[in-house]
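Listed below are the residues making up each chain.
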Amino acid sequence: MDTSQAAKKVLVVGAGGFIGGFIVAEGLRRGFEVWAGVRASTSRKFLTDPRIKFLILDYDSTDAMASALASALPEGSRWDYMVYNLGATKCTNFADFNRINFSYLRSFVEAVRKADMMPSKFLYMSSLSAVGPGDEKNYTPIDTKAVPRPNTRYGLSKIKAETFLQTCPDVPWTIFRPTGVYGPHEQDYLMMIKSIDRHWDFGVGFRKQMLTFIYVEDLAAAIFEALDSKHTVHRIYIISEGRAYTQSEFRRIVARALGRRFVIPVRLPLWATYIASLVAEKYGIAKMQPSTLNTDKYKIMRQRNWACTIADSVADFGFHPIFSLEKGIEVTVDAYRKAEAARKAAIAANKKKKGENR
């Protein structure tokens, strides 16, 4: 723990999700006074540390947020850093991408201004999807100089939010564009892990696809390293492990971690994947539940080149990811195994209890 940071305060907006919980934990580990900005209805399943201070935010009301911000700290005090991690990656109504990923950010920045609580650093969590498709002929790694041309509604909402921040000279923003974030509690990659655990590996398309990843603890560490640097204000950074993997490499790494010697690779043509995505999306709309598989996700899966460079992150704040995909998957699979064992034990205990009550 860095005791020199003990008095510094950080507010993590959108702290209740998968990534948010790890950001909060990293802040506590580094000795910060950590505030978790959440809705009143947000689950606190991964926010159980008694040192966490909570700030209830109503993202639909700028005035309510300004009041909450102004009254949370003693007069004359403010947060040193704010990490804006709030966002939606899948929605039943695609208009919600714009509302959650863009409008809520704009309202929050206005609330910070009204409360006169602008921090010394404001880090916004964007996504590599804000850039859109890369070079799919020569597979040139994506860098921060790439002209954004997002082809998904999710990516469009993210670049819209980025552009808004870039028009705010009074906001000391730093923008992170992480690639695929994985780790314990994450659900999308968990679906792939579960599939391989059942001896099936489903891929999309027949052309080579280069995938990139970042383990969630490395991402959380990078946030605080960037906040602590003097060179990151008004800069954009790609956050990734630093190398790309093919689908077959990913499959072998996961299968090895799971102890699965025999896994059947199945390649789905793009047209079949699109139909499946469309059907899943319509079914989700009918059930009023966002589907992991949807037409937006299809465009992401169709993209062949997710290779990227982290040279700017290395140069400006010494970013050095600790977890290789192999190491990160081992930890993720271990957490998955323990969660499955706990789930099965709970089911068995519940059945036993019901039997005793008969």
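Per-chain numbering applies: the sequence of each chain, read as written, is numbered from 1 onward. Reporting in this predicted model follows two pLDDT cut-offs: at least 70 for local features of residues, and 80 or more for side-chain atom pairs to be given and counted; totals over whole chains, interfaces and linings ignore these cut-offs and use all residues. Side-chain numbers come from the whole structure's heavy atoms, not from hydrogens or water.

*Asks:* Any chance you could break down the nonpolar core for me, citing the residues and the numbers?
*Replies:* Side chains of a nonpolar character, in soluble globular proteins, are inclined to be buried together. For the purposes of this section, nonpolar cores are sets of buried Ala, Val, Leu, Ile, Met, Phe, Trp, Tyr and Cys residues that join through side-chain atoms within 4.5 Å. The rule is simple: take the accessible area with a 1.4 Å probe, protein chains only, and divide by the maximum for that residue type; under 20% is buried, over 50% is exposed, in between is partly exposed. Of all hydrophobic cores here, the largest spans 60 residues; its most connected members are Phe 176, Ile 223, Ile 239 and Ile 329. Secondary structure elements are taken from DSSP: a helix is a run of H or I of four residues or more, a strand is a run of E of two residues or more, and numbering for both begins at the N terminus. At eight residues, helix 6 (residues 216-228) tops the list of elements feeding residues into this core. Two residues qualify as a contact provided that any one of their heavy atoms is within 4.5 Å of a heavy atom in the partner residue. Ile 329 has contacts with Tyr 182, Ile 193, Phe 250, Ile 253, Val 254 and Ala 257, leaving out every residue within four places of it along the chain. Counting residues in hydrophobic clusters, the runner-up holds 41 residues, among them Phe 108, Ala 161, Cys 168 and Val 171.

*Asks:* So what's going on with unusual backbone geometry? Residues and values would help.
*Replies:* Of note, the phi angle at Tyr 139 is positive, near 55 degrees, even though the residue is not glycine. Assignment of secondary structure puts Tyr 139 in the loop between strand 5 (121-125) and helix 4 (153-166). Positive phi values are uncommon outside glycine, yet His 199 reaches one of about 80 degrees. Mapped onto the elements, His 199 comes out in the loop between helix 5 (188-197) and strand 8 (200-204).

*Asks:* Give me the sheet that holds strand 11 (residues 235-239): which residues, what numbers.
*Replies:* The rule for pairing is simple: two strands pair if DSSP sees at least two bridges between them. Taken in spatial order, the seven strands line up as 3-2-1-4-5-6-11 in an open sheet, and their pairing is parallel. The open sheet has two free edges, formed respectively by strand 3 (53-56) and strand 11, since each of these has just one partner strand. On average, each strand axis in the sheet is inclined to that of its neighbour by 20 degrees, with strand direction left out of account. Relative to strand 6 (residues 173-178), strand 5 runs parallel, the two sharing four bridges. Among the inter-strand pairings, Phe 122 is bridged to a residue of strand 6, identified as Trp 173. In this description, a line fitted to the C-alpha atoms serves as the axis of each element, helices being fitted only across the stretch in contact, and the angle between N-to-C directions of two axes falls anywhere from 0 to 180 degrees. Contacts between helix 2 (residues 62-72) and the sheet are confined to strand 1 (9-13), strand 2 (33-38), strand 3 and strand 4 (81-84), with strand 3 contributing the most and set at about 150 degrees to the helix. Sheet strands touched by helix 4: strand 5, strand 6 and strand 11. Its angle to strand 6, the strand with the most contacts, is close to 160 degrees.

*Asks:* How would you explain the environment of Ser 41 if you had to name every residue and give the values?
*Replies:* As for its placement among the helices and strands, Ser 41 is situated in the loop between strand 2 and strand 3. Sequence separation between Ser 41 and Ile 56 is 15 residues, and the spatial gap between their C-alpha atoms is 9.2 Å.

*Asks:* I'd love a proper account of empty space enclosed by the protein, names of residues and values included.
*Replies:* In the cavity and pocket records, a cavity denotes points on a 1 Å grid over the protein atoms alone where a 1.4 Å probe fits but cannot get out, a pocket denotes an open set with protein on both sides within 12 Å along at least 5 of 7 lines, and lining residues are residues with an atom within 4 Å of a point. Grid points are joined across faces, edges and corners, and a volume is the space filled by probe spheres set on the points. Throughout the structure, instances matching the rule amount to two cavities of 30 Å³ or more. If you add up the space inside the largest cavity, you get close to 40 Å³. Split by residue class, the lining of the largest cavity holds three nonpolar, four polar and one charged. Taken as a whole, the second largest cavity spans an internal volume of roughly 40 Å³. Tyr 182, Gly 183, Glu 186, Tyr 189, Leu 190, Ile 193, Ile 329 and Thr 332 together form the lining of the second largest cavity. Elements with a minimum of two residues in the lining of the second largest cavity: helix 5 and helix 11 (325-357). Broken down by element, the lining of the second largest cavity gets its largest block of residues, three residues, from helix 5. Note on residue classes: Ala, Val, Leu, Ile, Met, Phe, Trp, Tyr, Cys and Pro are nonpolar, Asp, Glu, Lys and Arg are charged, and everything else, Gly too, is polar. Residues that form the lining of the second largest cavity fall into these classes: five nonpolar, two polar and one charged.

*Asks:* Just give me the short version of the packing of aromatic side chains, but keep the residues and values in it.
*Replies:* Whether two aromatic rings pair depends on their centres lying within 6.5 Å, for rings of Phe, Tyr and Trp, where Trp uses its six-membered ring; planes under 30 degrees apart make the pair stacked, over 60 edge-to-face, and the rest tilted. Within the structure shown, the criterion is met by 23 aromatic pairs. Both rings, one in Phe 32 and one in Tyr 81, keep their centres 6.0 Å apart while their planes meet at 50 degrees; by these two values the pair is tilted. Of the two residues, Phe 32 sits in the loop between helix 1 (18-29) and strand 2 while Tyr 81 sits in strand 4, which places them 49 residues apart along the sequence. In this pair, the class of Phe 32 matches that of Tyr 81, namely buried. Each residue in the set Tyr 182, Tyr 189, Phe 213, Tyr 215, Tyr 245, Phe 250 and Phe 323 is aromatic and connected to the rest through ring pairs, giving one cluster. Geometrically, a lysine NZ or arginine CZ counts as sitting over a ring once it is within 6 Å of the ring centre and also within 35 degrees of the ring normal. Positioned over the ring face of Tyr 245 is Arg 243, at 3.8 Å from the centre of the ring. Between the NZ or CZ atom of Lys 327 and the centre of the ring of Phe 323, over which it lies, the distance is 4.7 Å.

*Asks:* Provide a residue-level description of helix 8 (residues 270-287), including the pertinent values.
*Replies:* In this analysis, the expected span of each helix is defined as 1.5 Å times one less than the number of residues it contains. Look at helix 8: 25 Å from first C-alpha to last across 18 residues, which is about the 26 Å you get at 1.5 Å a residue. For helix 8, the full list of buried residues reads Thr 273, Ser 277, Ala 280, Glu 281 and Gly 284. One face of helix 8 carries all of its buried residues, which in axial projection span an arc of 105 degrees. Set apart from the buried face of helix 8 by more than 90 degrees, the exposed residues are Trp 271, Val 279, Tyr 283 and Ala 286. Where helix 8 is buried, its residues contact helix 4, strand 8, strand 13 (264-268) and helix 9 (295-302). Just downstream of helix 8 lies Met 288, where phi reads positive at about 60 degrees. The directions from the helix axis to the C-beta atoms are what the arc is built from.

*Asks:* Any details on the packing of helix 3 (residues 95-114) against helix 4? Residues and values, ideally.
*Replies:* Each pair of packed helices can be summarised by the angle the axes make with each other and by the distance between the axes. Packing of helix 3 against helix 4 brings their axes to within 8 Å, and their N-to-C directions diverge by 15 degrees. When the interaxial angle is binned, helix 3 and helix 4 end up roughly parallel. Considering how the two elements wind past one another, helix 3 and helix 4 form a crossing that is right-handed. Residues Phe 97, Asn 98, Asn 101, Phe 102, Leu 105, Arg 106 and Val 109 of helix 3 form the contact with helix 4, whose own contacting residues are Arg 153, Tyr 154, Ser 157, Lys 158, Lys 160, Ala 161, Phe 164 and Leu 165. If an angle is under 35 degrees, it is roughly parallel; if it is over 145, roughly antiparallel; if it lies from 65 to 115, roughly perpendicular; otherwise it is oblique. Each crossing gets its handedness from the near helix: less than a right angle anticlockwise from the far helix is left-handed, clockwise is right-handed.

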